[in-house]
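For reference, the chains in residue letters:
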Amino acid sequence: MEIEQITNYFNKYKSEIVKKLSANGWRHFRDYFLIKEKFSRNILDDNFKNVFCAFYVVNGPMGLNNAQKNEFFKLLSLKENSLEKILKTLYKAPSYGQQQKLYLSFATKLLHTIDNDSPIYDRNVAYVLKLTSQFTGTLEVKIKNRIDIYSELKNNFGLLLKNPEIVSRLKDIRKEIFKATTTDNFEWKDNLVSDTKLLDSSLWALYDFMRK
């Protein structure tokens, strides 16, 4: 991870980041707000599950099948916060093609739903932060690898959120988002967007520009 580079990209692409996050009528935050509000009221109904699956891309060949989704939402309803237990539980339920996989990204999305200050692992964020790659091996080796990657992610987020320049850039992005939502007449719920979530969304959006 290169903090100076990320700082420069946040400054250079601030408007583009906000534009990407505002796409499709602010769907990124519209769905996120619904998920956070319903979960806070312990309403894990079909609407919640459908929006969650669409927002976090849980459906599809690379996602979870129905049996796995049942296990996933059971863990979420129980507010399970052990990454290892979540990984092992989803691993036991065969995926599409009867394969068994470790779902680090989905597991961290579950953890973030429970705790706003838990970062989310996905391809975009992993690329921007240059995180350690996921690798194969025995189940124990793979689980340790995924846990180590998540520890690396949490450490990186901790360093970024303590960096004055990054904090300043995030404040600027938050202000730009608020102005844009006001113009678009979209209700911005600032209390639902922790600094961790804002950093996550900004890094996720930044991926496209860093790839260029």
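Keep in mind the model is a prediction, meaning the values are calculated, not measured.

Caption draft 1: Local environment of unusual backbone geometry. Located in the positive-phi region is Asn 42, a residue other than glycine, with phi close to 60 degrees. With respect to the helices, strands and loops of the structure, Asn 42 is situated in the loop between α3 (23–40) and α4 (46–55). With relative accessibility at 55%, the residue Asn 42 sits in the exposed group. The phi torsion at Asn 185 lies on the positive side, around 60 degrees, for a residue other than glycine. For Asn 185, a relative accessible area of 73% corresponds to the exposed category.

Caption draft 2: Spatial organisation of the side chain of Ser 201. You can see Ser 201 is positioned in helix α11 (residues 195–211). Relative accessible area serves as the criterion here: at 0%, Ser 201 is assigned to the buried category. Apart from residues lying up to four places away in sequence, Ser 201 is in contact with Leu 21, His 28 and Phe 29.

Caption draft 3: Representation of the packing of aromatic side chains within the structure. Taken as a whole and judged by the stated rule, the model has 17 aromatic pairs. Seen in terms of ring centroids, Tyr 13 and Phe 209 are 4.9 Å apart; in terms of plane orientation they differ by 10 degrees. Their pairing is stacked. Separated by 196 residues along the polypeptide, Tyr 13 in the loop between α1 (3–12) and α2 (14–21) and Phe 209 in helix α11 bring together distant segments of the chain. Ring geometry for Tyr 127 against Tyr 207: centres 5.3 Å apart, planes inclined by 85 degrees, an arrangement best described as edge-to-face. You can see Tyr 127 sitting in helix α8 (residues 123–129) and its partner Tyr 207 sitting in helix α11, a full 80 residues away along the chain. Judged by its relative accessible area of 9%, Tyr 207 falls in the buried class. When the ring centre of Trp 204 is taken as reference, the NZ or CZ atom of Lys 20 above it lies at 4.9 Å. Sitting over the face of the ring of Tyr 127, Arg 211 holds its NZ or CZ atom 5.4 Å from the ring centroid.

Rules of the game
- Residues numbered from 1 in each chain as written.
- Predicted model: local features only at pLDDT ≥ 70, side-chain atom pairs only at ≥ 80, totals over all residues.
- Heavy atoms only, no water.
- Helix = DSSP H or I, 4+ residues; strand = E, 2+ residues; numbered from the N terminus.
- Buried < 20%, exposed > 50% of the residue type's maximum accessible area, 1.4 Å probe, protein only.
- Contact = heavy atoms within 4.5 Å.
- Phe/Tyr/Trp six-rings, centres within 6.5 Å; stacked < 30°, edge-to-face > 60°.
- Lys NZ or Arg CZ within 6 Å of the ring centre and 35° of its normal.

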